[in-house]
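Take a look at the letters that make up each chain.
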Amino acid sequence: MLLSAPLCFAHKSSGGGGYLYPQFYDRSCPKAKEIIKSIVAKAVAKEARMAASLLRLHFHDCFVKGCDASILLDSSGSIISEKGSIPNQNSVRGFQVIDEIKSALEKACPSTVSCADIMAIVARDSTVISGGPSWEVPLGRRDSTGASLSGSNNNIPAPNNTFQTILTKFKLKGLDIVDLVALSGSHTIGDARCTTFRQRLYNQSGNGLADFTLDQSYASQLRARCPRSGGDQNLFFLDFVTPTKFDNSYFKNLLASKGLLNSDQVLVTKNQQSMGLVKQYAENMELFFQQFAKSMLKMGNISPLTGSRGEIRKNCRKINS
């Protein structure tokens, strides 16, 4: 099922002049989208989990300094990489896929397509390949010449954050409660490590008791492979029903008290409005797909660098010297 969000696709960027629009590379690099799509398709065919990893990379980038590919930079000179932050360390992945895409684009049209735009297109393609909605990606972002380790540590919502903390982090980026619930729906694909939800199984509130909002039979299944100590990196499906298919099972799981992360389940247990949205999306996949596309467009427009700001990196991992 492919749905396009009914939006005007030219987005005025905040500051720096310039618009983002889907046709940005139509003349300068006409095969860009085709090249990106084929490499993403190959990567996901090789490993289904990669779709979620690539989608998450865009999310973790946009929440720090805006959608400027700062997350891709390795440490060097004055740059301290965001890859070492608490949310990203041993967690974010897919960098080699972005590298492969960048390398192919540099051959086709040197110094033309930004790493930030690559990530925005890749997030859309990963969603579509997994069975989710499509949308036209506004383009014209440029790449940052710096990173923010502190921004990465502080701005990205964490699995054990309270509902209010997560909502505040979204609001600081211009996203609202509807965006929060819709974008959380990306957890319909992908995996999480034992270490991200262990406290729910053994010590949710610091009293040595499991999280009472977690279905008990599901909790005991999880304990089998996520012990009190050890197994930190063991992987678990975020949506155990259809783990590699982009659909609305995630929301149905939440209503059955089978959300894996605390940050998933609080959408139902801590706020009436978010619970109402979860129910709507659980009942109506088309509605979820439409809102997901709209919210991805909104997220992709967080503080992009346009015009003369930033640069077009030749290598996504380092700034042009």
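These numbers come from a predicted model, not from an experiment.

Rules behind the numbers
Residues numbered from 1 in each chain as written. Predicted model: local features only at pLDDT ≥ 70, side-chain atom pairs only at ≥ 80, totals over all residues. Heavy atoms only, no water. Helix = DSSP H or I, 4+ residues; strand = E, 2+ residues; numbered from the N terminus. Rg over C-alpha atoms; globule rule 2.2 N^0.38 Å. Buried < 20%, exposed > 50% of the residue type's maximum accessible area, 1.4 Å probe, protein only. UniProt positions renumbered as here; feature names shortened; annotations may be inferred. Disulfide = S-S within 2.5 Å. Phe/Tyr/Trp six-rings, centres within 6.5 Å; stacked < 30°, edge-to-face > 60°. Lys NZ or Arg CZ within 6 Å of the ring centre and 35° of its normal. Salt bridge = Lys/Arg side-chain N within 4 Å of Asp/Glu carboxyl O. Contact = heavy atoms within 4.5 Å.

**Observations regarding the overall build of the protein chain**
Within the protein chain, the secondary structure is distributed over 13 helices and four strands. Its C-alpha radius of gyration of 19 Å places the protein chain within 12% of the 20 Å reference for a compact globule of 321 residues. Overall, the C-alpha framework of the protein chain stretches about 55 × 45 × 35 Å when taken along its three principal axes. A total of 321 residues make up the protein chain; the buried ones form 54% of that total.

**Focus: the UniProt feature "domain: Plant heme peroxidase family profile" (unreviewed entry) in the protein chain**
What UniProt calls "domain: Plant heme peroxidase family profile" (unreviewed entry) maps, in this numbering, to residues 19-320. The span residues 19-320 is 46% helical and 3% strand by assignment, and the distance between its end C-alpha atoms comes to 24 Å.

**With respect to unusual backbone geometry**
Unlike most non-glycine residues, Ser111 shows phi in positive territory, near 50°. Relative to the helices and strands, Ser111 is located in the loop between α3 (95-108) and α4 (115-129). With a phi angle near 60°, Ser257 is a residue other than glycine that sits in the positive phi range. Tracing the backbone shows Ser257 in the loop between α10 (249-255) and α11 (262-269).

**Let's talk about the state of the cysteines**
Within this structure, the stated rule accounts for four disulfides. Paired by a disulfide, Cys62 and Cys67 hold their sulfur atoms 2.0 Å apart. Looking along the S-S bond of the Cys62-Cys67 disulfide, the torsion reads about 120°, which is the right-handed sense. You'll find Cys62 and Cys67 in the same group, each marked buried.

**Some points on the packing of aromatic side chains**
Within this structure, the stated rule accounts for 17 aromatic pairs. With a centroid separation of 5.1 Å and an interplanar angle of 35°, the aromatic rings of Tyr218 and Phe240 are classed as tilted. In this pair, Tyr218 is assigned in helix α9 (residues 216-225) and Phe240 in the loop between β4 (235-237) and α10, connecting sequence segments 22 residues apart. By relative accessible area, which is 5% here, Tyr218 ends up buried. Since its relative accessible area comes to 36%, Phe240 is described here as partly exposed. These aromatic residues form a ring-pair network of at least three members: Trp135, Phe246, Tyr250, Phe251, Tyr281, Phe288, Phe289 and Phe292. Here the basic side chain of Lys83 rests over the ring of Phe95, its NZ or CZ set 4.3 Å away from the ring centre. The cationic tip of Arg225 hangs over the ring face of Phe236; the distance from NZ or CZ to the ring centre is 4.5 Å.

**Digging into the pattern of salt bridges**
Applying the stated criterion across every chain yields a total of 13 salt bridges. Note that Lys298 is salt-bridged to Asp179, the shortest N-O span being 2.7 Å. With a gap of 119 residues between them, Lys298 in helix α13 (residues 285-299) and Asp179 in helix α7 (residues 177-184) connect regions that are remote in the sequence. Here the salt bridges share partners, and the residues they tie into one network are Asp74, Lys83, Asp99 and Arg317.

**A closer look at the UniProt feature "binding site: Ca(2+) 1" (unreviewed entry) in the protein chain**
Here, the residues flagged by UniProt with the feature "binding site: Ca(2+) 1" (unreviewed entry) are Asp61, Val64, Gly66, Asp68, Ser70 and Glu82. On the basis of their most widely separated C-alpha atoms, the annotated residues across 22 residues gather in one place, lying no more than 13.2 Å apart. Turning to its location among the elements, Asp61 is positioned in helix α2 (residues 50-62). Each residue touching Asp61, except ones within four places of it in the same chain, is listed here: Gly66, Cys67, Asp68, Ala69, Ser70, Ile71 and Met119. Inspection of the secondary structure assignment puts Asp68 in the loop between α2 and α3. Not counting residues within four places of it along the chain, the set of residues in contact with Asp68 comprises Asp61, Ala116, Arg142, Asp143, Ser144, Leu305 and Arg313.

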